[in-house]
Number of protein chains: 2
Amino acid sequence: VELPAHTVKSFSEELELLVGDVARMGGVAETLLVDAISGVIRRDTALAEEVIARDERADAAQRTIDRRALEILALRQPVATDLREVIAALKIASDLERIGDLAKNISKRTLVLNRDEPIHLTRGIERMGKMAAGALKHVLDAYIARDVTAALAVWVQDEDLDAHYNSLFRELLTYMMEDPRMISPCAHLLFVAKNIERIGDHCTNIAETVHFLVTGEPVVSQRPKTSVAEE
Amino acid sequence: VELPAHTVKSFSEELELLVGDVARMGGVAETLLVDAISGVIRRDTALAEEVIARDERADAAQRTIDRRALEILALRQPVATDLREVIAALKIASDLERIGDLAKNISKRTLVLNRDEPIHLTRGIERMGKMAAGALKHVLDAYIARDVTAALAVWVQDEDLDAHYNSLFRELLTYMMEDPRMISPCAHLLFVAKNIERIGDHCTNIAETVHFLVTGEPVVSQRPKTSVAEE
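Summarised in this report is the structure supplied together with it. What you see is a predicted model, and the numbers here were worked out from it, not measured in a lab.

Within chain A, the secondary structure is distributed over 6 helices and 0 strands. Projected onto the principal axes, the alpha-carbon positions of chain A cover approximately 75 × 40 × 20 Å. Counting across all 231 residues of chain A, residues that qualify as buried make up 56%. Of all intrachain contacts in chain A linking residues separated by at least 6 positions in sequence, the fraction that spans at least 24 positions is 85%. Summed over all atoms, the accessible surface of chain A reaches about 10,200 Å², with 53% contributed by carbon and sulfur. When the 28 positive and 38 negative side-chain charges of chain A are each reduced to one mean point, those points stand 3 Å apart.

Now the structure itself:
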């Protein structure tokens, strides 16, 4: 069938643009996360300030995706796979926006930490940061490739990040008990660690969305979570 | 027009059922929050365990809302106000599910806190808990009444909750410095306070959704947020 003259873009082109927006927003969130982690590890105040300023780009990307998705729902009234495509874009954009916010919060705490003497306990933070950045990269690749197996691998691996968080929590508490001057910086590092752990949770949400997008079904089994790290 | 014989429910009845589901899920989240706060204040282990078990109801409610919303989108292909109604239900259910998770996490930390000696610094937690429960009640009322003014009042008042969080953060750090035995329980209380602060953020998200639902426009102005409480 020929498109009516007033239709500038085809439906499938519109869906491609939407997926492209989500992929680009994923890139923005990845950069925010990697830079936020570098900032806290290297005590880089300028980089932390940059992350804080750049988070607005993730917010703007989410607004664009929300607007485009609502337009498609209203004007194209998609069903089946196409409907799931639009809902998935809305859900993933919401998780990516939260990841950007959490990266920004890590950078805000970096500014506070950098006002005091350097402390050398950020190895655990660095390790957690690498794991979270890896999870985000892999789940975004799984979204683009429509790869349910790769998505579920990210979902399962989040347990390691939770385990690292729990051991870092105990480690930081020990430092606080040994030296009261460590209490304030370690409290901020506790929240930095918690933010990274939550970024991992958002990656598992995205993995679940990829599963729903491809199969039409929600993920049914429960990952075993037993600690207070869970929210 | 007469409905075809096979149409069991009218479109407007389906939307009413969806709004009813969201309102009921709001009630579940409210009870979880109020009980989680009571549990931590009164050191009530049984109540905390009940909250942890009951959070599953909020998760189930979200799954029901997601399923019903997707069915409406696929079969009724709503536009304009009706489309916003469905999108709003999806968004609010997602915020309510997070509120349930955060209440559950408060209760998990209550179990940990109750293993140690009682500490008497939970006044600030009680105050924050009351503010958050008030915000949730008011924003759910605003959703049912389609009251943008009431929704925006909740949105503005979240600043008070942030201010309380920041002062409680400093207070808890002081207690930790005065007595190292307080470090572990106070670290858990820091996260309890943070969870309540985040519940406030989810209430402001719901307020923004009510604004979008009624007006069709996102909230444009930014609340002033300057502290690290922000994520």
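What follows deals with helix α2 (residues 45–76) of chain A. Residues and elements named next belong to chain A. Over its 32 residues, α2 runs 47 Å from end to end, which matches the ideal 46 Å to within 8%, given 1.5 Å per residue. Taking the largest bend as the criterion, α2 deviates by roughly 30°, centred on Ala-53. Between a side-chain oxygen at the N-terminus of α2 and the backbone nitrogen of Ala-46 the separation is 3.2 Å; the capping residue is Asp-44. Immediately beyond the C-terminal end of α2, within one or two residues, lies Gln-77, with a positive phi of roughly 45°.

Moving on to helix α1 (residues 11–41) of chain B. Taking 1.5 Å per residue, 31 residues should reach 45 Å; α1 of chain B reaches 45 Å between its end C-alpha atoms and fits that length. Positive phi shows up at Arg-43 of chain B, right after α1 of chain B, with a value of about 55°.

Another aspect to go through is the relation of the copies chain A and chain B. Mapping chain A onto chain B calls for a screw motion: a turn of 180° about the axis and a shift of 0.0 Å along it, with 0.0 Å RMSD after fitting. Classification of the inter-copy transformation places it as that of a two-fold axis. The position closest to the rotation axis in chain A is occupied by the C-alpha of Gln-77 of chain A, lying 2.6 Å away. Taken as a fraction of all interface residues of chain A, those also at the interface in chain B reach 100%, which identifies the copy contact as same-surface.

All right, on to unusual backbone geometry then. Of note in this structure, Gln-77 of chain A is not a glycine but carries a positive phi near 45°. You can see Gln-77 of chain A is positioned in the loop between α2 and α3 (80–113). In this structure, Ala-80 of chain B is a non-glycine residue whose phi angle is positive, near 50°. Mapping Ala-80 of chain B onto the fold places it in helix α3 (residues 80–113).

Residue and element names in this part refer to chain A. Counted under the stated rule, the structure contains 28 salt bridges over all chains. Glu-56 is the partner of Arg-63 in a salt bridge, and the nearest nitrogen-oxygen pair spans 3.0 Å. With a closest N to O distance of 3.0 Å, Asp-179 and Arg-181 form a salt bridge. Through salt bridges that share partners, Asp-21, Arg-24 and Arg-68 make up one connected network.

Tallied over the full model, the rule gives 5 aromatic pairs over all chains. Measuring from ring centre to ring centre gives 4.7 Å for Phe-191 of chain A and Phe-191 of chain B, while their planes differ by 40°; the resulting arrangement is tilted. Placement of Phe-191 of chain A in helix α6 (residues 183–215) and of Phe-191 of chain B in helix α6 (residues 183–215) is noted, with the two residues assigned to different chains. A centroid spacing of 6.2 Å and a plane angle of 55° characterise the contact between Tyr-165 of chain B and Phe-169 of chain B, whose relative ring orientation is tilted. Placement of the pair is Tyr-165 of chain B and Phe-169 of chain B together in helix α5 (residues 148–178), with a separation of 4 residues, close to one helical turn. For the residue pair Tyr-165 of chain B and Phe-169 of chain B, the accessibility class agrees, reading buried in each case. Through a chain of ring-to-ring contacts, the aromatic side chains of Tyr-165, Phe-169 and Phe-191 of chain A together with Tyr-165, Phe-169 and Phe-191 of chain B assemble into a single cluster. Above the plane of the ring of Tyr-143 of chain A lies Arg-146 of chain A, whose end atom (NZ or CZ) is 5.0 Å from the centre.

Analysis parameters
Per-chain numbering applies: the sequence of each chain, read as written, is numbered from 1 onward. Whichever chain is written first becomes A and whichever ligand is written first becomes 1, with later ones labelled in order. The model is predicted, so local features are restricted to residues of pLDDT at least 70 and side-chain atom pairs to those at 80 or more, both for listing and for counting; the totals for chains, interfaces and linings are taken over all residues. Hydrogens are left out, water is left out, and the side-chain values use all remaining heavy atoms of the structure. By definition, any uninterrupted DSSP run of H or I lasting at least four residues is a helix, any uninterrupted run of E lasting at least two residues is a strand, and each is numbered from the N terminus. Categorising residues by exposure relies on relative accessible area from a 1.4 Å probe, with only protein chains included: less than 20% of the type maximum marks a residue as buried, more than 50% marks it as exposed, and the intermediate range marks it as partly exposed. Residue contacts are defined here by distance: any two heavy atoms, one from each residue, within 4.5 Å place the two residues in contact. Note that accessible areas follow from Shrake-Rupley with a 1.4 Å probe, and for residues the cover is restricted to the protein chains shown. Only four residue types enter the charge count: Lys and Arg as positive, Asp and Glu as negative, with His and the chain ends excluded. Charged side chains are reduced to one point each, which is NZ for Lys, CZ for Arg, CG for Asp and CD for Glu. The length a helix should cover is 1.5 Å for every residue beyond the first. One axis fitted to the seven residues ending at a residue, another fitted to the seven starting there: the angle between these axes is the bend at that residue. By the criterion applied in these results, polar contacts are pairs of N or O atoms within 3.5 Å in which, for protein atoms, one can donate a hydrogen and the other can accept it, and in which residues neighboring in sequence qualify only through two side-chain atoms. Copy-to-copy alignment: least squares on C-alpha atoms, limited to residues at pLDDT 70 or above in both. Think of a salt bridge as a Lys or Arg side-chain nitrogen and an Asp or Glu carboxyl oxygen that are within 4 Å of each other. Here a pair means two rings of Phe, Tyr or Trp (six-membered ring of Trp) with centres within 6.5 Å. Their orientation is stacked below 30 degrees between planes, edge-to-face above 60, and tilted elsewhere. A positively charged side chain is recorded as over a ring if its NZ (Lys) or CZ (Arg) lies within 6 Å of the ring centre. The angle to the ring normal must also be within 35 degrees.

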